[in-house]
Amino acid sequence: LCLQVPELEKATVRIRQPERVREIIRSLREQGVAKLQVISDFDMTLSRFGCNGRRCPTSHNILDTSRVISEDGKKKLKDLLHYYYPIEIDPNRTLEEKRPLMVEWWTKAHELLVQQKIHKSDIAQIVRESEAMLRDGFKEFFDQLHKNKVPLFIFSAGVGDILEEIIRQANVFYSNVNVVSNYMGFSDDGVLTHFKGPLIHTYNKNNTVLQGTGYFQQLSTRTNIILLGDSMGDLTMADGVPSVENILKIGFLNDKVEERRGKYLDSYDIVLESDETLEVVNGILRYILAE
């Protein structure tokens, strides 16, 4: 397969079951573009984890650290992060324990943001002033999918308004891109008053928050999936797809690589370690979508 997808030779690539991966990729190609859809996380998956030794911001970070948040607001948001983030990534806690605490965290953070009276008209500027970066190769990724009319479903626990703006400013917000995320609700004069439901956090990215959207039902013939994520919570993003034939799960292992490697290799078909690019994904897509 490396002959057809040379990117799989990259040093950042780890695959526990090469034969199985080869079979899936072959099936995706044989069954053709009409059956394919891509389901992806956004923060730290389509966007970069770091650059020049510095962490890149997530869609929440972009807002939390922007000039529209008061110093007191910034401090409170940071305190929440320091309290809840270790819980989110704690390998010794069960999902049952984590879920209510994630709801608590997101709810408190959203309430703090609402208190800041953020204006809708500020969002584009907030994103422009931020250090948000999409992964290298993002343009080819979005362009290939758009050109081949492959639906791209972005499923994010971040802030929808911010991530849409990042994609828009990168000039790749095409008609085949669909986003489900936490969206802001504004008053008639454009001030943030609430976040629209349902609340999406790291550990409920599955069918429970998609009910009523009917998104995957409309795509019922698209039974082949490439799934992109960077956390264990992203593995359930395709749960709403009615009848999956083939699914290729590609995981970005951005941080604590040694410690998490085993778990990622157990869960994802292809693991990309400290790889800030979409090269491997693009290589696979080029092979699958080739005439």
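In this text the structure is predicted, and so the values were computed from the model without any measurement.

Draft legend 1. A look at the domain arrangement of the protein chain. Taken as a whole, the protein chain is organised into domain 1 (6-50 + 133-289) and domain 2 (54-129). If you average the C-alpha positions of domain 1 and of domain 2, the two centres end up 22 Å apart. Across the boundary between the two partners, domain 1 contributes 33 residues, which contact 29 residues of domain 2. Taken over both partners, the interface formed by domain 1 and domain 2 buries close to 2,800 Å², and the fraction arising from carbon and sulfur atoms is 69%. In this assembly, domain 1 and domain 2 are joined by 0 salt bridges. The interface formed by domain 1 and domain 2 includes 12 residue pairs in polar contact (both at pLDDT 80 or more). Of all elements in the fold, only strand S5 (152-159), helix H7 (160-169), strand S7 (184-186) and strand S8 (192-195) reach the threshold of two or more residues within the side of domain 1 that touches domain 2. Here the side of domain 1 that touches domain 2 is built from residues that sort into 16 nonpolar, 9 polar and 8 charged.

Draft legend 2. Examining the packing of aromatic side chains more closely. Evaluation of the coordinates by the stated rule reveals 9 aromatic pairs. A ring pair is formed by tyrosine 83 and tyrosine 84, whose centres lie 4.7 Å apart and whose planes are at 90 degrees; its orientation type is edge-to-face. Overall, the relative accessible area of 51% leaves tyrosine 83 in the exposed class. Pairing phenylalanine 141 with phenylalanine 142 gives two aromatic rings, centres 5.4 Å apart and planes at 85 degrees, and the pair type is edge-to-face. Phenylalanine 142 gets classed as buried once you look at its relative accessible area, which sits at 1%.

Draft legend 3. Highlighting the pattern of salt bridges. Tallied over the full model, the rule gives 28 salt bridges. Note that arginine 286 and glutamate 140 form a salt bridge whose closest N and O atoms lie 2.3 Å from each other. Taken as a pair, arginine 286 in helix H10 (residues 279-289) and glutamate 140 in helix H6 (residues 138-147) lie far apart in primary sequence, 146 residues in all. Look at arginine 286 and you get partly exposed, because its relative accessible area is 35%. Among the ionic pairs, aspartate 234 bridges to lysine 205, the shortest N-O distance being 2.7 Å. Of this pair, aspartate 234 sits in the loop between strand S9 (224-229) and strand S10 (246-253) while lysine 205 sits in the loop between S8 and helix H8 (215-218), and the two are 29 residues apart along the sequence. Judged by relative accessible area, aspartate 234 falls into the buried class, the value being 2%. Looking at lysine 205, the relative accessible area reads 2%, which means it is buried. If you follow the salt bridges from partner to partner, you end up with Arg14, Glu258, Arg261 and Glu273 in one network.

Criteria and cut-off values
Position numbers for residues start from 1 in each chain and track the written sequence from start to end. For this predicted model, a pLDDT threshold of at least 70 governs which residues receive local features, and a threshold of 80 or more governs which side-chain atom pairs are given and counted, while totals over whole chains, interfaces and linings are taken from all residues. Side-chain measures here rest on the full set of heavy atoms in the structure, leaving out hydrogens and waters. Boundary definitions for the domains trace back to an automatic or database domain assignment. Pairs of residues are marked as contacts when any of their non-hydrogen atoms sit within 4.5 Å. Two parts placed together each lose some accessible area; with a 1.4 Å probe, that loss summed over both constitutes the buried area. Throughout this description, the term salt bridge denotes a Lys or Arg side-chain nitrogen within 4 Å of a carboxyl oxygen of Asp or Glu. Under the rule applied, a polar contact is a pair of N or O atoms within 3.5 Å (in protein, one hydrogen donor and one hydrogen acceptor; residues adjacent in sequence only if both atoms are side-chain atoms). A run of H or I in DSSP counts as a helix once it spans at least four residues, and a run of E counts as a strand once it spans at least two, with each numbered from the N terminus. Ten residue types, Ala, Val, Leu, Ile, Met, Phe, Trp, Tyr, Cys and Pro, are classed as nonpolar, four, Asp, Glu, Lys and Arg, as charged, and the remainder, Gly among them, as polar. Stacked, tilted and edge-to-face are the three classes applied to pairs of Phe, Tyr and Trp rings, where Trp contributes its six-membered ring and a pair requires centres within 6.5 Å; stacked means planes under 30 degrees apart, edge-to-face means over 60, and tilted covers the rest. With a 1.4 Å probe rolled over the protein chains alone, any residue whose accessible area is under 20% of its type maximum counts as buried; one over 50% counts as exposed, and the rest are partly exposed.

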